[in-house]
Amino acid sequence: MTFINYASREINCKIVYYGPGLCGKTTNLQYIYDTTAPSSKGKLISLATETDRTLFFDFMPLELGTVRGFKTRFHLYTVPGQVFYDASRKLILKGVDGIVFVADSQEERMDANIESLYNLEENLKANGYDLLKIPYVLQLNKRDLPSVIPTADLVAELRRKDEDVHEAVASTGVGVFDTLKSVAKQVLTELRKS
Amino acid sequence: MTDTPIIMREQQYERIVSVLSKLRFDSSSRVVFLVDKNGQQIAVQGDVSNLDTTSLASLAAGNVAATGGMANLIGEKEFPTLSHEGERESIHICIIGRSLLIVVFDERSSLGLVKLRVKQASRDLSTVFEEMTRDSERKSASDDSLFAGITDEDIDSLFN
């Protein structure tokens, strides 16, 4: 749910990175954090286990500039990807404005992608949203690894509507900002329509 | 979407700030925040120079969401207040409708005093929120045109 503050002239939106465990959600955020000017970002908060697996969420606020005199601030969240953290994932989707589904392109993670996407649809429904209506982008991550499935096959399997699809290597930043731009644009377009 | 968007007017913002300011004074606390349940900061009063307010707001919302989830599991609707006591600094969180009132206090105050003052402030804030909800539901035509006027170029310029 977009938060518009007329007093401080701010638009605040919530974007959630979703996907199976170890697909690169936190890596997306880490890259955005590392390459953004200090004046545009807040702290990157990671609630992670001792082995650096996301336990609850990662969070970072990102200021993109002004639209019609309103500062636009995107609050970027990741969910914990591991299957047994489902209750936490459901909570993080509350109030979401846009979703990035980060798919792991490796052949052996295909089942995990499908399971996570199904889980996303279910959890959105539980929060009163519909994947077909909400701003949504599909990112095919880890394109640099040897055992990747061809893009066309991944798209055929994972694309749910006419969403933008971005190939990415989050660890080096390939496709990270294209993905963010794509979802942010949809969120702002939605604001224009509402 | 499940909720109507919250739209806060300047006058309502000023009223919220004055309630927070009074609460901070009456409870002898360090900082008083109001954030929405999604972690968006609405207003803050007090010395925040050494405090990352955005992160605090998002973590408080996560905290409330997590304990709310636990409440549901044991058959409660929610836990309306949460308190975390540290060696020197403590935090008290109170749920007011779709918002969270967060009070950061130290040994100059006490949990009892904070709870008492928060109760009073909650009533005042509820009145403002009811008004905000009514306003948000009937957005004026001028608001529609403000955002309807956003062009693709406006959006693209954010990424240049």
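One can find the structure itself at the top, above this paragraph.
Reference entry: report on the structure contained in this document. (Residues numbered from 1 in each chain as written. Chains lettered and ligands numbered in written order. Predicted model: local features only at pLDDT ≥ 70, side-chain atom pairs only at ≥ 80, totals over all residues.)

Describing the overall build of chain A
In step 1: When you go through chain A residue by residue, the secondary structure sums to five helices and eight strands.
In step 2: Taken from N to C terminus, the helices and strands of chain A fall in the order β-β-α-β-β-β-α-β-α-β-α-β-α.
In step 3: Counting only C-alpha atoms and orienting by the principal axes, one finds that chain A spans roughly 50 × 30 × 30 Å.
In step 4: Taken across its 194 residues, chain A has 49% of its residues classed as buried.
In step 5: The contacts in chain A between residues at least 6 apart in sequence include a share of 68% that link residues at least 24 apart. (Helix = DSSP H or I, 4+ residues; strand = E, 2+ residues; numbered from the N terminus. Buried ≥ 20, exposed ≤ 12 C-beta atoms within 10 Å, placed from the backbone. Contact = placed C-beta atoms within 7 Å.)

Some points on the overall build of chain B
In step 1: Within chain B, the regular secondary structure consists of five helices and six strands.
In step 2: Projected onto the principal axes, the alpha-carbon positions of chain B cover approximately 50 × 40 × 35 Å.
In step 3: Every one of the 160 residues in chain B was classed for burial, and the buried ones make up 36%.
In step 4: Residue pairs at least 24 apart in sequence account for 53% of intrachain contacts in chain B once pairs closer than 6 positions are excluded.

Thoughts on the interface of chain A and chain B
In step 1: Opposite the 34 residues of chain A that make contact, chain B presents 33 residues.
In step 2: Where the side of chain A that touches chain B is concerned, the elements lending two or more residues are strand 1 (3–5), strand 2 (10–18), strand 4 (54–67), strand 5 (70–78), helix 2 (86–92) and helix 5 (176–193) of chain A.
In step 3: Residue composition of the side of chain A that touches chain B, by class: 17 nonpolar, ten polar and seven charged. (Nonpolar A, V, L, I, M, F, W, Y, C, P; charged D, E, K, R; others polar.)

Regarding the sheet that holds strand 6 (residues 99–105) of chain B
Residues and elements named next belong to chain B.
In step 1: Spatially, the five strands line up as an open sheet ordered 3-2-6-5-4, and their pairing is antiparallel. Of all the strands in the sheet, the pair left with one neighbour each is strand 3 (41–46) and strand 4 (81–85). Across the sheet, the mean angle from the axis of one strand to that of its neighbour is 10 degrees, orientation sign disregarded.
In step 2: Bridging between strand 2 (residues 31–36) and strand 3 involves five bridges; their strand directions are antiparallel. Bridging from a neighbouring strand, Val32 pairs with Gln45 of strand 3.
In step 3: Contacts between helix 3 (residues 111–137) and the sheet are confined to strand 4, strand 5 (90–96) and strand 6, with strand 5 contributing the most and set at about 30 degrees to the helix. (Pairing = 2+ DSSP bridges. Axes fitted to C-alpha atoms, helices over the stretch in contact; angles between N-to-C directions.)

Section: unusual backbone geometry
Residue and element names in this part refer to chain A.
In step 1: Positive phi outside glycine occurs at Arg68, with the angle close to 50 degrees.
In step 2: The residue Arg68 is located in the loop between strand 4 and strand 5 in this model.
In step 3: Of the residues examined, Arg68 has 13 C-beta atoms within 10 Å and is grouped as partly exposed.
In step 4: With phi around 65 degrees, Lys142 is a residue other than glycine that occupies positive phi space.
In step 5: Examined against the element boundaries, Lys142 turns out to sit in the loop between strand 7 (136–141) and helix 4 (151–158).

Let's talk about the pairing of strand 5 of chain A
All names here are of chain A.
In step 1: Counting buried positions along strand 5 yields seven of nine residues, so the element is predominantly enclosed.
In step 2: The sheet contact formed by strand 2 and strand 5 spans eight bridges and is parallel. Paired with Glu10 across the two strands is Lys71, which belongs to strand 5.
In step 3: Bridge count between strand 4 and strand 5: nine bridges; the pairing is antiparallel. Bridge pairing links Val67 to Phe70 in strand 5.
In step 4: The turn linking strand 4 back onto strand 5 is made up of two residues, and Arg68 within it adopts a positive phi angle of 50 degrees.

Things to note about the nonpolar core
In step 1: Core analysis: the largest hydrophobic core is formed by 88 residues, its most contacted members being A:Val16, A:Val100, A:Phe101, B:Val35, B:Ala60, B:Leu101 and B:Ile102.
In step 2: Those residues in contact with B:Val35, other than ones at most four positions away along the chain, are B:Gln40, B:Gln41, B:Ile42, B:Ala57, B:Ala60, B:Ala61, B:Ser99, B:Leu100 and B:Ile102. (Core = buried A, V, L, I, M, F, W, Y, C linked by C-beta atoms within 7 Å.)

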